[in-house]
Every structure is written in structure tokens, then in C-alpha cells.
Amino acid sequence: MESKKIILTYAGLKNLEDELENLKVVKRKEVAQKIKEAREQGDLSENAEYDAAKDEQRDIEARIEELEKILKNVEVVVEDEVNLDKISIGCTVVVYDEEFEEEMEFSIVGSTEANSLQGKISNESPVGKALIGRKVGDTVVVETQVGEISYKVLKIERSI
């Protein structure tokens, strides 16, 4: 069975590669030192520091494995090659929320990079799915948990 391709922007790829490098080079050494220090304290059966360090080591190794799996199946969207005639992954979109009468800006990214607090929405989210393929001037109606939301597409530009 083939793994699902994970779509990332170049910035998202760089962030994951940096995190992986940090985990392998810095965090592994830090936790190994914690384990060594905890072992030197003697009896491991009642050593909370040792247990905590081993838990941290397990978490780090799991995250390294997860990142390596993601990076093995990644497809990078080159923002410079994004077609600005219609919305796609790698675009930043300015829309007008017709209910609240305000402009909003979204960057369309792959699900791994999504972060609503930073205005990065997934291409797999309800809003992201509804916006993909639309053009400036289109009105998009999105079905959400709280009801329908209507956006008018004002501008499509490259994500920076």
C-alpha cells in the first residue's frame, strides 16, 4: 500500500528538516546526559529522574520516526510556480466575509503545516477545500459546524 503524499510549502519543509536536525543532534545528546546522570544516582527502580528521561527519550525517538516518515513522502509546492489565476496550495488569499463584513487573509498549505492562529489553513479543511480552484470575484459558500459561511475572493497572491 502506497503512503499518502504529504504536501508542504518550502518553508514548511525547512521547518520540519530543522526540527529533525535539532532532535537528532541536540535533544538526543541532552536526554542521553540526563539518563547518564540519573543512572549515577543509584537504584533505578525508584528513580523518577531516570523514568522521566527514558520517557523523554521515547518521545524524541517517536517524533524523529514521525518526521522521517513525513519527509520520505513529501511533495513540495514551489510558491514561485503557483498559478495566480486560481487558488491552490502555496497561495495567500484575501477574502471578504459577507456575514461579518470584514476582510480575512488565509495561506493555503498542506495539512501538516496548518495553523489557524497564523492564518495557515489546510487544503483539506472545509474552507480550504471550498477555496481551492476558485478565482478572484468568485463567491464561496462553506458548510461548517456552525452553519454556512460565505466568502468573496478579493485577491490571490504568492505566499511569502
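Per chain, residue numbering runs from 1 following the sequence as it is written. In keeping with the predicted nature of the model, local features appear solely for residues at pLDDT of at least 70, side-chain atom pairs appear and are counted solely at 80 or more, and the whole-chain, interface and lining totals rest on all residues. Only hydrogens and water are set aside when side-chain values are computed; all heavy atoms of the structure are taken into account.

**Structural notes on unusual backbone geometry**
Then, number 1: The phi dihedral of E101 falls on the positive side, at around 50°, and the residue is not glycine.
Then, number 2: Each helix corresponds to a stretch of at least 4 residues labelled H or I by DSSP, and each strand to a stretch of at least 2 residues labelled E; elements are numbered beginning at the N terminus. Note that E101 resides in the loop between β3 (91-97) and β4 (102-109).
Then, number 3: Any residue under 20% of the maximum accessible area for its type is buried, any over 50% is exposed, and the rest in between are partly exposed; the area is computed with a 1.4 Å probe on protein chains only. The exposure class assigned to E101 is exposed, which follows from its relative accessible area of 60%.

**Quick look at the sheet that holds β4**
Hydrogen bonds along the backbone pair up the strands of a sheet, which may run parallel or antiparallel.
Then, number 1: By the convention used here, strands pair only if DSSP detects at least 2 bridges between them. What the five strands build is an open sheet, ordered β5-β4-β3-β7-β6; its pairing is mixed. Both outer strands of the open sheet, β5 (120-122) and β6 (139-144), are each paired with one neighbouring strand and no more. In this sheet, neighbouring strand axes are inclined to one another by 45° on average, regardless of whether the strands run parallel or antiparallel.
Then, number 2: As paired strands, β4 and β5 are joined by three bridges and run parallel to one another. Under this scheme, a helix contributes an axis fitted over its contacting stretch, all axes are lines through C-alpha atoms, and angles between N-to-C directions fall in the 0 to 180 degree range.

**Comments concerning the pairing of β4**
Then, number 1: The pairing of β3 with β4 spans six bridges and is antiparallel. By the bridge assignment, D97 is partnered in β4 with E102.
Then, number 2: In this antiparallel pair of consecutive strands, β3 and β4, the connection spans four residues, and E101 shows a positive phi of 50°.

**Quick notes on helix α2 (residues 48-72)**
Then, number 1: Take the number of residues in a helix, subtract one, and multiply by 1.5 Å to get its expected span. The first and last C-alpha atoms of α2 sit 36 Å apart over 25 residues, in line with the 36 Å expected at 1.5 Å per residue.
Then, number 2: Buried within α2 are the following residues: Y50, A53, I60, I64, L67 and I70.
Then, number 3: A contact between two residues is defined here by any heavy atoms of the two lying within 4.5 Å. Where the residues of α2 are buried, they touch β1 (6-9), α1 (10-39) and β2 (74-77).
Then, number 4: Any pair of nitrogen or oxygen atoms within 3.5 Å is treated as a polar contact; in protein, a donor-acceptor pairing is required on top of that, and neighbouring residues in sequence qualify only through side-chain atoms on both sides. A distance of 3.1 Å separates the backbone nitrogen of E49 from a side-chain oxygen at the start of α2, and that oxygen is part of N47.

**What about the environment of V93?**
Then, number 1: Position of V93 among the secondary structure elements: in strand β3.
Then, number 2: With near-sequence residues (within four places) excluded, V93 lies in contact with I87, M104, E105, F106, I108, V153 and K155.

**Thoughts on α1**
Then, number 1: Look at α1: 42 Å from first C-alpha to last across 30 residues, which is about the 44 Å you get at 1.5 Å a residue.
Then, number 2: Roughly 35° is the biggest bend found in α1, and it falls at L23.
Then, number 3: G12, L13, L16, L20, L23, V31, I35 and A38 are the residues of α1 that are buried.
Then, number 4: Along its buried surface, α1 packs onto β1, α2 and β2. In this analysis the local bend is the angle between axes fitted, respectively, to the seven residues ending at and the seven residues starting at the residue.

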